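Chains, contacts and geometry: an overview
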Amino acid sequence: MIARDLVRWLTAARGDDAGGGRSGALSPGVARRPVRGGRAAWRGGGVAPVRARVPGVLTELEPAPGGGLVRFARSELYVRVTVRGALFLGWDGAAPLPSYALTGAEAVAPDERVVLEPDTEGGVRLVSERLGLTVARDGTVEVRTPGGVMLRRQAPPRWWEAAGSVRGGGRWVSRAEVAADAVFLGAGRDGAVLAEGAYTVGGVRPGLRMPVQVVQADAGCHLVFHDAEEEGEWLLRPGREGAGSGHDRAGVAELRMSGGPVRSWVVVGSPQRLAYGWASLTGAPVPPPGDALGGAGRELVVVRGGGGPGAVEGCLTTGRRRGFGGGAGLTRGFRAGAGPTRRFGGDAGRDAGAGVPEWTDSEVRAREGERYVAFAGQGRHGFVHSFEGMGGVLELCRARAVFNSLRGAFPGERPLQLAVGVWAGQQRYGGVCLPGPEAGDWAELPRAVGRVLGLGLCGVPFCGPGVPGTGDGGRGARGGEARTPGVRTPGVRTRGVRASGVRRSEGSLSDEDAEWAVRWEQLARWLPWSGGAEGGSAGGAASGERERWGPYWTTLARHAGLWGGPWVRPVWWFTPEDRALRGVGDAFLVGEALLVAPVCEPGVRSRRVRLPKGQWYDTATEVVYEGERTVEVAAPLDRVPVLVRAGAVVPVREAGGTVLDVWAPLAESGPGAGLYIPDEEGGWSPPLVERYTSRLGADGEVVVERSGGPGAGPGGASAAGRPVRVRGLGAAEAVGPA
């Protein structure tokens, strides 16, 4: 017996975390315990013995449409590939359904063309259109590209169960290895890139705890979702490529769960394919109301705890100039709520606590939903929920009840609700209000960008930070998504915060704090949603600029409902193999056309940014920059650098209505394209997608055509049919690297 096994044996003999330490690790004082204490425990000396179990040797294969069942000596593995290309792996009889995250049987329908078959060395294999799979004799699972390149090697799980208990009732560990150059991405507190450390997932406490992970590598990208409600911990260790003749060290992702089924989903492909595959499983994101995107403004209601409208803590009103989506502060107009705040303390476990409706009961959901309808009848159609102490299932039940009730009562409007907690499938019912930054902390600006990018990769496009505060900024220990004592909600944090969102020490803002407020305002207006920071020299134009880009934001939201993609994307979104773009965390794409490079340092009036391939216009100066290199762009205090792809067709709002801004295509860039989805009704009408293309004519003029649609000619194109404004015609020659 090696030392590691001896440590695990002694720890298990004391019971499941009896010493208060982490499972699988030696607790303080264990080494001083005599070995006979452990032996006595196994003999029944007062402590129930706990034994480890592994699947054992492969014994039998039962093929079935979409995959089949692989039997081992002490477990079985169920494999299924869906018609949309997602892979399901379930141990110990775990099936895809029921699941709180998935939309239903249609989402998990098997691909009947795929079936497991025997492989060499006593294993089994499977090859589908999107991925390949091999299962070794000991239960090791390898996920590969259709060409055979390995993306993920999953070791067989290990269970720790009490003697005589039902199989599958104990804690378990699953360890996976990825390529040495792989990068772990997800909903992290410090940004989209998940650095080495421990990350809490699942459970009942609020925070960024979604068990979804995106892995980006040269070989390809894949998404992993562990479908479990229990609380666990993800231990990540990125890989390292060997220098010269040195060997590579694979990246490791070890998931330790307190219980529940061992089942997971894997989607393989490009970032666009991952977004589509994830949406096919958990549902497409619901678009928010148009006025929540274009700066019109509305009143929001903050509900804390697990109750319904009776737990209203406060209301916050946003005016026309300071719109909900326009990066405005939500503290203006705050007043005390009419109802008492429902709270429940201690460890709620699987229970919501006293005084909280049992949201899993259909009658309770209907009754509480009617209360929300009555509250919305007073003109308050937006809700911010603080899910303190509620598990993912209860959170999901309440969100579904509120969404369905409001949609049924107001069929001409799309409901608006935001949550502080995050769970898989949340995009079906609303968005996420992330913790606001600490005012004056420059490091919070790139963190805010990273959090939005991470949630977008996990399928939640409508998200953003709350009002800047003066607390801890939502920061905690690495991976402390659930270790932060509380999560702040917009409009609730008023202590020590003035109009600018920055604490005033001697009656006036310092120059650096004032600059921070301006830069935060500039960044906030380019995020899907934000509490923003009122004030600053740039604040007066924030809502107006957001309203100008309203048709583009609405197009992104309605289009995401068709395929599930995020609105705000990493700069490597279209070229994930470009390693130079992987490290860019303070710039992002908005849709396919725009690249935003916010300023995240004090005193900076220009900044360097790495551009994706293609040619890019500066929207303010119309200077052209060559892509696939690092360039220097102007960043004066009165604006944020925004670049647009050459040839892009972007809908904007002007005094006379919607206008198509066409950025002249260049000979090097080739033809361009763009979308516009009108949202005049603002309800549930099917989206009408208008596709436009731009190209250079024979004599050098810019030709804009609508692809398909009414009036299309034999070639499938017609005149644009909307007002067109061509920009960039007077641009100078392309600017090279800085």
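What counts, and at which threshold
- Residues numbered from 1 in each chain as written.
- Predicted model: local features only at pLDDT ≥ 70, side-chain atom pairs only at ≥ 80, totals over all residues.
- Heavy atoms only, no water.
- Buried < 20%, exposed > 50% of the residue type's maximum accessible area, 1.4 Å probe, protein only.
- Helix = DSSP H or I, 4+ residues; strand = E, 2+ residues; numbered from the N terminus.
- Pairing = 2+ DSSP bridges.
- Core = buried A, V, L, I, M, F, W, Y, C linked by side-chain atoms within 4.5 Å.
- Contact = heavy atoms within 4.5 Å.
- Salt bridge = Lys/Arg side-chain N within 4 Å of Asp/Glu carboxyl O.
- Axes fitted to C-alpha atoms, helices over the stretch in contact; angles between N-to-C directions.
- Parallel < 35°, antiparallel > 145°, perpendicular 65-115°, else oblique.
- Left-handed = near helix turned anticlockwise from the far one by under 90°.
- Nonpolar A, V, L, I, M, F, W, Y, C, P; charged D, E, K, R; others polar.
- Expected span 1.5 Å × (residues − 1).
- Polar contact = N/O pair within 3.5 Å; in protein donor to acceptor, adjacent residues only side chain to side chain.
- Phe/Tyr/Trp six-rings, centres within 6.5 Å; stacked < 30°, edge-to-face > 60°.
- Lys NZ or Arg CZ within 6 Å of the ring centre and 35° of its normal.

Okay, the pairing of strand β8 (residues 132–135) next. Here β8 shows two buried faces, one formed by Gly132 and Thr134 and the other by Leu133 and Val135. In this sheet, β8 lies alongside strand β7 (residues 124–127) in antiparallel orientation, the contact comprising 4 bridges. What sits directly across from Leu126, in β8, is Leu133. When β8 meets strand β9 (residues 141–144), the two strands line up antiparallel, connected through 4 bridges. Counterpart to Leu133 in the pairing with β9 is Val143. Linking β8 to β9, which pair antiparallel, is a turn of 5 residues; within it Gly139 sits at a positive phi near 100°.

Moving on to the nonpolar core. In terms of nonpolar packing, the biggest core is built from 114 residues, with Phe225, Trp526, Trp553, Phe588, Val590, Leu594 and Leu595 touching the most fellow members. Here this core takes 7 residues from helix α7 (residues 444–457), the largest share from any one element. Discounting chain neighbours no more than four positions away, the residues touching Trp553 are Leu293, Arg525, Trp526, Leu527, Pro528, Arg546, Trp567, Val568 and Val590.

Further remarks concern the sheet that holds strand β30 (residues 594–596). Strands sit in the order β28-β29-β30-β35-β32-β33 across an open sheet of 6 strands; the sheet is antiparallel. On the outer flanks of this sheet lie β28 (568–569) and β33 (624–626), each paired with one strand and no other. Examined bridge by bridge, strand β29 (residues 588–590) and β30 share 3 bridges and lie antiparallel to one another. Across the sheet, Phe588 pairs through a bridge with Val596, a residue of β30.

On any regular strand, side chains alternate: one points to one face of the sheet, the next to the other face. Alternating positions in strand β31 (residues 606–610) separate cleanly, Arg607 and Val609 being buried on one face and Ser606, Arg608 and Arg610 remaining unburied on the opposite face. Looking at chain direction, β31 and strand β34 (residues 630–634) are connected through 5 bridges and run antiparallel. Counterpart to Arg607 in the pairing with β34 is Val633.

Moving on, we get to the pattern of salt bridges. Taken as a whole and assessed by the stated rule, the structure comprises 37 salt bridges. Between Arg53 and Glu161 there is a salt bridge, with the nearest N and O atoms lying 2.8 Å from each other. One end of the pair, Arg53, is in strand β1 (residues 50–53); the other, Glu161, is in strand β11 (residues 158–162), with 108 residues separating them in the sequence. Considered together, Arg53 and Glu161 belong to a single accessibility category, that of buried residues. The salt bridge involving Arg367 is made with Glu368; its shortest N-O contact spans 3.9 Å. Residue class for Arg367 comes out partly exposed when judged on its relative accessible area of 47%. Residue classification places Glu368 among the buried residues on the basis of a relative accessible area of 3%. Put simply, Arg548, Glu622, Glu654, Asp661, Arg725 and Arg727 are held in one network by salt bridges that share partners.

With that settled, the discussion passes to the packing of α7 against helix α8 (residues 511–524). Taken N-terminus to C-terminus, the directions of α7 and α8 make an angle of 15°; their axes are 11 Å apart at the nearest point. One finds that α7 runs roughly parallel with respect to α8. For the element pair α7 and α8, the recorded crossing hand is right-handed. In contact with Leu445, Ala448 and Val449 of α7, α8 contributes Trp516, Arg519, Trp520 and Leu523. Counted by class, the contact of α7 with α8 contains 6 nonpolar, no polar and 1 charged residues.

This brings us to α7. With 14 residues, α7 extends 20 Å between its outermost C-alpha atoms, agreeing within 8% with the 20 Å of an ideal straight helix rising 1.5 Å per residue. Burial of α7 is extensive: 12 of the 14 residues sit out of reach of the surface.

Inspection of the secondary structure assignment puts Asp441 in the loop between β26 (431–434) and α7. Separated by 3.1 Å, the side chain of Asp441 and the backbone nitrogen of Ala443 make a polar contact.

Across residues other than glycine, the phi torsion is negative in most instances, and most of the peptide bonds are trans. That bond from Leu97 to Pro98 is cis: its omega, 5°, falls within 30 degrees of zero. Its identity is not glycine, yet Glu121 carries a phi of approximately 60°, on the positive side. Mapped onto the fold, Glu121 is located in the loop between β6 (117–118) and β7. You will see that Glu628, though not glycine, has its phi angle at about 60°, which is positive. Along the chain, Glu628 falls in the loop between β33 and β34.

On to the packing of aromatic side chains, then. For the coordinates displayed, the defined rule picks out 16 aromatic pairs. With centroids separated by 4.9 Å and ring planes inclined at 70°, the aromatic side chains of Tyr372 and Phe383 adopt a geometry described as edge-to-face. With Tyr372 in helix α5 (residues 362–376) and Phe383 in strand β24 (residues 382–386), this residue pair connects regions lying 11 residues apart in the sequence. The two residues Tyr372 and Phe383 agree in class, both being buried. Seen in terms of ring centroids, Phe375 and Phe383 are 6.3 Å apart; in terms of plane orientation they differ by 35°. Their pairing is tilted. Here the aromatic residues Phe72, Trp91 and Trp159 are joined through ring pairs into a cluster of three or more. The lysine or arginine in question, Arg546, covers the ring of Trp553, its NZ or CZ lying 4.2 Å from the ring centre. Against the face of Trp549 rests Arg548, its NZ or CZ located 5.2 Å from the ring centre.

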